[in-house]
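# Structural description and commentary
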Amino acid sequence: MAEWTEIVMHKLVVLYSKPADPDHFRDYYVTNHLPLVMNLPGLLGWRYSFDVAATNGEAPYFAVFEGDFADAAAMATARASPQGQRVATDVANYATGGAVVIHYPVQDGTD
């Protein structure tokens, strides 16, 4: 039986719906948006994918981003920083389908 141990980080997830121009989204995201993301203070790690698939039927999202922070306070500080404000403002330049932003503490599980 798996047991849950301590909270090990705080995760920020951005789920992007299909944009009007997928090629523009991909190019702009990699060329312009990710360099802004990399400057977020306190960002421990990040990953993204344009290959979002559903296990059954069509995926409701086109792309996904995950960012790791030490805790909720570090994430909030990053989002409120000048760099975080630039990242948030930049989303309108490529995410014409909209974006859902969620965040949560991550529990470490062991077997």
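The preceding data block contains the structure.
### Description of the overall build of the protein
Broken down by element type, the protein carries 3 helices and 4 strands. Secondary structure elements in the protein, listed N-terminal to C-terminal, are β-α-β-β-α-α-β. Projected onto the principal axes, the alpha-carbon positions of the protein cover approximately 45 × 40 × 20 Å. By residue count, 30% of the 111 residues in the protein fall in the buried class. Of the roughly 6800 Å² of accessible surface on the protein, a fraction of 54% belongs to carbon and sulfur atoms. Between the averaged position of the 6 positive side-chain charges in the protein and that of its 13 negative side-chain charges there is a distance of 7 Å.

### As for the side chain of D68
Here D68 shows up in strand β3 (residues 63-69). Judged by its relative accessible area of 7%, D68 falls in the buried class. Within the structure, D68 has its side chain in polar contact with the side chain of R47 (distance 2.7 Å). Sequence-distant contacts of D68, defined by excluding residues within four places in its chain, comprise M9, H10, K11, G42, L43, L44, G45 and R47.

About the criteria used
Residues numbered from 1 in each chain as written. Predicted model: local features only at pLDDT ≥ 70, side-chain atom pairs only at ≥ 80, totals over all residues. Heavy atoms only, no water. Helix = DSSP H or I, 4+ residues; strand = E, 2+ residues; numbered from the N terminus. Buried < 20%, exposed > 50% of the residue type's maximum accessible area, 1.4 Å probe, protein only. Areas by Shrake-Rupley, 256 points an atom, 1.4 Å probe, with all protein chains shown as cover. Lys, Arg positive; Asp, Glu negative; His and termini not counted. Charge placed at Lys NZ, Arg CZ, Asp CG, Glu CD. Polar contact = N/O pair within 3.5 Å; in protein donor to acceptor, adjacent residues only side chain to side chain. Contact = heavy atoms within 4.5 Å.

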